Amino acid sequence: AVDASGAGTPVAIHDTAIGNQSANAPGGCWDAIANRIAFSSHDFNGADIFTIAPDGSKLFDVTANTSISLRYANPSFSPDGKQIVFEDATYQLHAIWKINTDGTGKTMLVDAASQGFSDARPNWSPRGDRIAFQRRSPNGIVVNLHSVAPDGTGLVQITRNIAGQSTDPSWSPDGKWIVYSGNDDANLKH
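Residues numbered from 1 in each chain as written. Predicted model: local features only at pLDDT ≥ 70, side-chain atom pairs only at ≥ 80, totals over all residues. Heavy atoms only, no water.

Focus on the overall build of the chain
The cut-off we apply is this: Here a strand is any run of E in DSSP of at least two residues, a helix any run of H or I of at least four, and the numbering for each starts at the N terminus. Classification of residues uses two cut-offs on accessible area relative to the type maximum, computed with a 1.4 Å probe and protein chains only: under 20% is buried, over 50% is exposed, and between them is partly exposed. The contact definition used throughout considers only heavy atoms, calling two residues in contact when any of these lie within 4.5 Å. Computed with a 1.4 Å probe, the accessible areas rest on the Shrake-Rupley method; for each residue, only the protein chains presented here act as cover.
Secondary structure assignment for the chain yields 0 helices and 15 strands. Of all 190 residues assigned to the chain, the portion counted as buried reaches 42%. Taking the contacts inside the chain whose residues are at least 6 apart along the sequence as the reference set, 34% of them involve residues at least 24 apart. Surface exposure of the chain reaches about 10100 Å², of which carbon and sulfur atoms provide 54%.

Concerning the sheet that holds strand β11 (residues 131–136)
Selection criterion: DSSP bridges decide pairing: two strands pair if at least two such bridges lie between them.
Spatially, 4 strands are ordered β10-β11-β12-β13 in an open sheet, and the strand pairing comes out antiparallel. Because the sheet does not close on itself, it has two edges, and the strands there are β10 (118–124) and β13 (156–157).

Some details on the pairing of strand β15 (residues 178–182)
Successive residues of a regular strand alternate their side chains across the two faces of the sheet. As paired elements, strand β14 (residues 166–171) and β15 share 4 bridges and run antiparallel to each other. Bridge pairing in β15 links S170 to V179. Linking β14 back to β15 in an antiparallel pair, the connection comprises 6 residues, with G175 at a positive phi of about 75°.

In short, geometric facts, not functional conclusions.
Structure (structure tokens):
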């Protein structure tokens, strides 16, 4: 963590072993209600979603992964802090899941792998009514933004690229807008 004013010195809140990696995703990885941070951490034995207090205490393995082949990444808290949405990056074709912060209720929300799509970078809206994510096409080139309701229904395609990429969605505080990165077909400013 680092002071947003730039005046402070960065402080490690979780130190991984050599060869291991930990990362968070843009968006809702810091829950204001419980004052917890969600992140993924992996080593050569797979990857899990963890939560931790900002001072580095209370580390909790939310997904409790016991398989060396599973790789969970890019967590985002629900606005009420009770659930986390994340991607299963185990295979080349990713799927979107959600889980309660106590580690129960793991549920797949979006799985388009059977159609050749790869879904990644989920981000929960501030209102809690939608989860935005990016979907890579079967050809591996085109990426569009989509959103889905927290129960996995109501899939909506947000961007309409034919050859471009729209990635890394992040919601406005009122949940009406999404900012993203990309080089979409219309050459819009992002």
